[in-house]
Amino acid sequence: MYDILLRGGSVADGTGAPLFRADVGVIGNKIAAIGDLSGQAAKLTLDADGLVVAPGFIDAHSHSDTSFLTDSSGASKLYQGITTEITGNCGDSPFPCAGDGKDLSACVSFERFLARFREGGYSMAVNQALLVGHGTLRRCVLGDEGRAPTEAETEKMRFLLSRELAFGAWGLSLGLEYAPGCFAGQRELNLLGETVKRSGGIVTCHMRSEGLEIEKALEELIEIGRFSGVRVNVSHLKIDNYRVHGRAPEVWRIIEEAQKSGVSISADMYPYTASCTDLSIRCPKWSLDGGAEALLNHLAGPRRSEVVAGIREHYFNAERAETCLICDDGGFWPAIVGKTLCFVAEELCHSDDYAEVAARILERTRAQARCIFFVMSPDDMLWFLRRDVGIGSDGYALPADIAKLSSRPHPRSFGAISEFLRLAREEGICPLEEAVRRVTSKPASLFGLSGRGTLKTGSVADVTVFDPSTVAPRATYLNPIQTSRGVQHVLINGEPALLNGTQTEKRAGTFLRQGR
Ligand SMILES: [Zn+2]
């Protein structure tokens, strides 16, 4: 007697092997049998005729870390068939932080974080595998100071990092384009890479530059792998400056050369031509020495014009202002959400000095404004997508209820994986079995998620059943809060999380721990 029986589907087992017709039986949280199970009984039988039965999809790069605090549904991810998210990315994680550890979003340790999650009665729909954010780790030891750590401080960082890895974090994420990560030099990164290598895990990296200096930034990451032997991964691979569009093959060649020389390097990306990040990322780095508070002080003080000049130089001339869509005001200026910087400047501020208006937006939103930047070329994006890269949304687990969200998030939260499957089908990126491999066994082996990512007897029953001919996102830039279509059933840890295209009441997601 099975708990759940998926009948009559075509199995894509996650390895890239050709589809085969089989029933899949689940007992408890494990796959109990795959084959002809006709005549067998089950407590719950689901029809998978005409559908593909695959391992649950793994979002290789997500920021859902504490999304459960406001919403347990994770509908944006679940409706895409995502059963596990890699979180704690781009240098930012909920731990380790200085203080009393009572605040879940700035917790003293992974251990305390998990205890607080349980004690607080929280739940979430989708599994998470958390990385330790380097920015968070650095801030815990050095605050927001823009300098190199002393020997003692480096040792403290290594101690805290190894403690979190021993407890089950999956590696270290770097956010070298953000403060305070941007203040780290090669030596600091190499030594932390060594700690990760020793404890098991991966170093993922939001690189220092994804545009004019992308080659140099890539070399910096490769050097961490070369020095320490740790596996390194380029987060959200892209070329985000129009002056270097078309260089995808050159950038990829650097990655391949490093692989040939023995460095274990990989990459993930999202299938969109717009990025989404803090508006403050366009400010000169010196103005962020001391964090958002320091930036706001500079904007209110004698160096304001230098900050504005820095923003202008870094990014905004008239042409680029059209490509900046404000998606989040931090609750401070609702009128600008969903408007371009150009529109805000001309219609709301009656100015054509876009850098100055960007500064005003930063001031009024307490530096919390986030923007969608249309900065990539479709050719580069598709070229990278045809290589062996993982797929990561760079988004959040969000509810499908538009009333619960004041921001207008990048559509990748609701659509990254399903857009990849659509592109695989409609742009001929790769065959279906290969597309499934890229969102299942590939990220599972990259991050070391044993027991997940392939559909075989004995593996964890994270299962996604979808219609390969219709799976696609509905989310758009202007209407991003819409669930994807085409995913029919999802099991998470053996529990039915989505049945017949509708989310159930189950919240079976857990925090996965390395080595457990
Ligand atoms: Zn990032």
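Refer to the structure presented above.
These numbers come from a predicted model, not from an experiment. (Residues numbered from 1 in each chain as written. Predicted model: local features only at pLDDT ≥ 70, side-chain atom pairs only at ≥ 80, totals over all residues. Heavy atoms only, no water.)

A. Just the layout of surface pockets, in detail. Its boundaries defined by the atoms lining it, the second largest pocket holds a volume of some 770 Å³. Taken together, 26 residues form the lining of the second largest pocket, with Arg208, Ser209, Leu212, Glu213 and His314 sitting closest to its centre. Classifying every residue of the lining of the second largest pocket by side-chain character gives eight nonpolar, six polar and 12 charged. (1 Å grid on protein atoms, 1.4 Å probe; cavity = no way out; pocket = protein on both sides within 12 Å on 5 of 7 lines; lining within 4 Å. Points joined across faces, edges and corners; volume = space filled by probe spheres on them. Nonpolar A, V, L, I, M, F, W, Y, C, P; charged D, E, K, R; others polar.)

B. Up close: unusual backbone geometry. Look at the link from phenylalanine 95 to proline 96: it is a cis peptide, with omega at -5°. Structurally, proline 96 is set in the loop between β7 (82–87) and α2 (110–119). With an omega of 5°, the peptide bond running from alanine 179 to proline 180 counts as cis. In this structure, aspartate 394 takes a positive phi of about 60° despite not being glycine. (Helix = DSSP H or I, 4+ residues; strand = E, 2+ residues; numbered from the N terminus.)

C. View of the side chain of serine 209. Among the structural elements, serine 209 can be located in the loop between β11 (202–206) and α6 (214–228). At a separation of 3.1 Å, a polar atom in the side chain of serine 209 contacts the main-chain amide nitrogen of glutamate 213. (Polar contact = N/O pair within 3.5 Å; in protein donor to acceptor, adjacent residues only side chain to side chain.)

D. Structural context of the pairing of strand β20 (residues 495–499). Bridging between strand β19 (residues 487–492) and β20 involves three bridges; their strand directions are antiparallel. By the bridge assignment for β20, valine 490 is matched with leucine 498. Hairpin remark: β19 followed by β20, antiparallel, with two residues in the connecting loop; positive phi at asparagine 493, about 50°. As paired strands, β20 and strand β21 (residues 502–503) are joined by two bridges and run antiparallel to one another. For leucine 498, the partnering residue across the bridge sits in β21 and is glutamine 503. (Pairing = 2+ DSSP bridges.)

E. Quick peek at the pattern of salt bridges. Scanning all chains against the criterion turns up 34 salt bridges. With its nearest N and O atoms 3.5 Å apart, the salt bridge here joins arginine 226 to glutamate 223. Highlighted residues: arginine 226 and glutamate 223, both in helix α6, separated by three residues, approximately one helical turn. Among the residues examined, arginine 226 registers a relative accessible area of 47% and is labelled partly exposed. Given the relative accessible area of 25%, glutamate 223 is considered partly exposed. Through salt bridges that share partners, Arg304, Glu356, Arg360 and Glu363 make up one connected network. (Salt bridge = Lys/Arg side-chain N within 4 Å of Asp/Glu carboxyl O. Buried < 20%, exposed > 50% of the residue type's maximum accessible area, 1.4 Å probe, protein only.)

F. Fine view of the side chain of aspartate 23. Topologically, aspartate 23 is positioned in strand β2 (residues 20–27). Here aspartate 23 is buried and forms no salt bridge, its nearest opposite-charge partner arginine 7 lying at an N-O distance of 4.2 Å. Separated by 2.8 Å, the side chain of aspartate 23 and the backbone nitrogen of leucine 37 make a polar contact. With sequence-adjacent residues up to four places away left out, aspartate 23 is seen in contact with Leu6, Arg7, Gly8, Ala33, Ile34, Gly35, Asp36, Leu37 and Ser38. (Lys, Arg positive; Asp, Glu negative; His and termini not counted. Contact = heavy atoms within 4.5 Å.)

G. Expanded view of the state of the cysteines. The tally for this structure, following the rule as stated, stands at zero disulfides. Cysteine 371 supplies the cysteine sulfur nearest to cysteine 283, a cysteine that is in no disulfide, at a spacing of 11 Å. The buried category is assigned to cysteine 283, whose relative accessible area is 1%. (Disulfide = S-S within 2.5 Å.)

H. Geometry of the packing of aromatic side chains. For the coordinates displayed, the defined rule picks out 14 aromatic pairs. On the numbers, 5.6 Å between centres and 65° between planes, the contact of phenylalanine 57 with phenylalanine 466 is edge-to-face. One end of the pair, phenylalanine 57, is in strand β6 (residues 57–59); the other, phenylalanine 466, is in strand β18 (residues 463–466), and 409 residues separate them in sequence. The residues phenylalanine 57 and phenylalanine 466 share a single accessibility class, namely buried. Pairing phenylalanine 68 with phenylalanine 117 gives two aromatic rings, centres 4.8 Å apart and planes at 85°, and the pair type is edge-to-face. Of this pair, phenylalanine 68 sits in the loop between β6 and α1 (75–78) while phenylalanine 117 sits in helix α2, and the two are 49 residues apart along the sequence. Taken together through their ring pairs, the aromatic side chains of Phe68, Phe95, Phe110, Phe113, Phe117, Tyr122, Phe167 and Phe511 make up a single cluster. Lying over the aromatic face of phenylalanine 167, arginine 513 brings its terminal NZ or CZ to 3.9 Å of the ring centre. (Phe/Tyr/Trp six-rings, centres within 6.5 Å; stacked < 30°, edge-to-face > 60°. Lys NZ or Arg CZ within 6 Å of the ring centre and 35° of its normal.)

I. Summary view of the sheet that holds strand β16 (residues 370–374). Sheet architecture is open: three strands sit in the order β14-β16-β15, paired in antiparallel fashion. The outermost strands of the open sheet, each flanked by one partner alone, are β14 (274–278) and β15 (324–328). Strand-to-strand twist in this sheet, taken as the mean axis angle between neighbours without regard to direction, amounts to 30°. With five bridges connecting them, β14 and β16 associate as antiparallel partners. Residue cysteine 276 lies in a different strand from β16, and its bridge partner there is isoleucine 372. (Axes fitted to C-alpha atoms, helices over the stretch in contact; angles between N-to-C directions.)

J. Representation of the sheet that holds strand β8 (residues 127–130) within the structure. Across the sheet, four strands lie side by side as β6-β7-β8-β22; this open sheet has parallel pairing. The open sheet terminates on both sides in strands that have one partner only, identified here as β6 and β22 (511–512). Bridge count between β8 and β22: two bridges; the pairing is parallel. Bridge pairing links alanine 129 to leucine 512 in β22.

K. Fine view of helix α7 (residues 248–260). The end-to-end C-alpha distance of α7 is 18 Å, a good match for the 18 Å that 13 residues give at a rise of 1.5 Å each. Of the residues making up α7, those classed as buried are Ala248, Val251, Trp252, Ile254, Ile255 and Ala258. Looking straight down α7, one finds that the buried residues subtend no more than 145° of arc, so they occupy a single side. Contacts made by the buried residues of α7 are with α6, β12 (231–234), β13 (265–269) and α13 (378–385). Phi for glycine 262, located one or two positions after α7, is positive at around 105°. (Expected span 1.5 Å × (residues − 1). Arc of directions from axis to C-beta.)

L. Structural view of a negative patch on the surface. Together, Glu322, Glu346, Glu347 and Asp352 make up a negatively charged patch on the protein surface. Following the sequence through the fold, glutamate 346 ends up in helix α11 (residues 341–348). (Patch = residues over 30% accessible without salt bridge, like charges linked within 9 Å, V, L, I, M, F, W, Y side chains within 5 Å. Areas by Shrake-Rupley, 256 points an atom, 1.4 Å probe, with all protein chains shown as cover. Charge placed at Lys NZ, Arg CZ, Asp CG, Glu CD.)

M. Structural context of the packing of α11 against helix α12 (residues 354–364). Interhelical geometry of α11 versus α12 gives an angle of 90° and a closest axis separation of 10 Å. As far as their axial angle goes, α12 and α11 are roughly perpendicular. Packed against α11, whose contacting residues are Leu341, Cys342, Val344, Ala345 and Glu346, the element α12 presents Tyr354, Val357, Ala358 and Ile361 at the interface. Among the residues forming the contact of α11 with α12, the class breakdown is eight nonpolar, no polar and one charged. (Parallel < 35°, antiparallel > 145°, perpendicular 65-115°, else oblique.)

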